[in-house]
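Below, each chain spelled out in residue letters.
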Amino acid sequence: MDWLTAPFEVTFVQRALWGGILVSAICALAGTWVVLRGMAFLGDAMSHGLLPGVALAALLGGNLLVGAVASAAVMAAGVTVLGRTARLSQDTGIGLLFVGMLSIGVIIVSRSQSFAVDLTGFLFGDVLAVREQDLLLLGVALLVALLVAALGHRAFLALAFDPRKAHTLGLRPRLAHAVLLVLLGLAIVASFHIVGTLLVLGLLIAPPAAALPWARTVRGVMVLAALLGVTATFGGLLLSWHLSTAAGATVSAVAVALFFLSHAASGLRHLRARPAAPVPTVD
C-alpha cells in the first residue's frame, strides 16, 4: 500500500490535497448552479477574464489574488449590465467581454519580457505550490461561499427553474443572478491558483455534472459533487506523482473521467431498469 500513501507523506503534497479539497467544496457550491442553468460558457469566459487583472498585478509586482478579484468583479458587472440590454443576447455580451478581457490581458503580457513562467502558472496552475496562507484564504473563501449559497438558495433555485416565477414571488431574479455571478467569480478566483484558468472548468463543471444523475435534490448534487471533486483531487495527485505528469492537469482530467464514468453507469442503470419488450407469440 506504499504506492497509495507514500505521496501524501510529503508536506507539499499534503498541502496540495487540502487545497484541492477546499477548492472542490467551493466549486461544488457554485458549479451546481452553473450546470443547472447551463452557464458553462459564462464560467469559461469569467475564468479567462481574470487574465488582465492577474497580468497587471504581476507586471506591477502586486498581489495576484487582488488582481484576479478585480478582474472577476469587472466581468461580473459587465455580464450583469449587458444582460439587461434587450437588443443583445446574453451569449453575445459574454462573448464580447470574454474576447475583450482576454485581449487586454495579452496586451499587458506582451509589455513584459519575463512573464512566460507566470503566464504558464496562471493558465495551468501549480497545485504543488500551495502554501499555508493559501489554505487559510481558501478556508475563508469556502465560508463565504457557504454563506452566499445558504442565503441565496431559494432565489437561486427559483431562478434556475422558472425566472418568471421567481419575479412573481418577489425573489428579485436580477439581484439573484448578480449574486450568483459573485459566487461563480469567488469559485474561479479561489481555484485558478490550484488548476489554472484553462483547467478550472474541470473542477467547476465535471463533478456537479457527474453527480446530477445520482442526486435527487440540489443540495444532494452539491454534496456528491464535493465528494467527487475530492476523489478527483486525490486520484489526480496520486497519478501525477507516479506518472510524473502535471498535477493540476491530472486532477482536472480525472474529474472529467469521473463525469464520463458516471454517465456511462447511469446509462447502464436506466437500460437495466427499462422493462423488456414483450416477446411475440405465434397462435
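Here, every reference points to the structure presented above.
Here's a quick rundown of the structure. (Residues numbered from 1 in each chain as written. Predicted model: local features only at pLDDT ≥ 70, side-chain atom pairs only at ≥ 80, totals over all residues. Heavy atoms only, no water.)

Quick word on the overall build of the protein
Here comes step 1: Secondary structure assignment for the protein yields 14 helices and 0 strands.
Here comes step 2: Secondary structure elements in the protein, listed N-terminal to C-terminal, are α-α-α-α-α-α-α-α-α-α-α-α-α-α.
Here comes step 3: The burial tally for the protein puts 46% of its 283 residues in the buried class.
Here comes step 4: In the protein, once contacts between residues fewer than 6 apart in sequence are set aside, the share between residues at least 24 apart is 76%. (Helix = DSSP H or I, 4+ residues; strand = E, 2+ residues; numbered from the N terminus. Buried < 20%, exposed > 50% of the residue type's maximum accessible area, 1.4 Å probe, protein only. Contact = heavy atoms within 4.5 Å.)

Brief notes about a nonpolar patch on the surface
Here comes step 1: Side chains of Phe 12, Leu 128 and Trp 241 sit close together on the surface and give an oily, nonpolar patch of about 250 Å² of accessible area.
Here comes step 2: Residue classification places Phe 12 among the partly exposed residues on the basis of a relative accessible area of 33%. (Patch = residues over 30% accessible without salt bridge, like charges linked within 9 Å, V, L, I, M, F, W, Y side chains within 5 Å. Areas by Shrake-Rupley, 256 points an atom, 1.4 Å probe, with all protein chains shown as cover. Salt bridge = Lys/Arg side-chain N within 4 Å of Asp/Glu carboxyl O.)

What about helix H13 (residues 218-243)?
Here comes step 1: The first and last C-alpha atoms of H13 sit 36 Å apart over 26 residues, in line with the 38 Å expected at 1.5 Å per residue.
Here comes step 2: Of the residues one or two after H13, Ser 244 is the one with positive phi, at around 60°. (Expected span 1.5 Å × (residues − 1).)

Points about the pattern of salt bridges
Here comes step 1: Throughout the structure, instances matching the rule amount to 1 salt bridge.
Here comes step 2: The shortest N-O distance in the salt bridge between Arg 131 and Asp 134 comes to 3.3 Å.
Here comes step 3: According to the relative accessible area criterion, Asp 134 is buried, its value standing at 12%.

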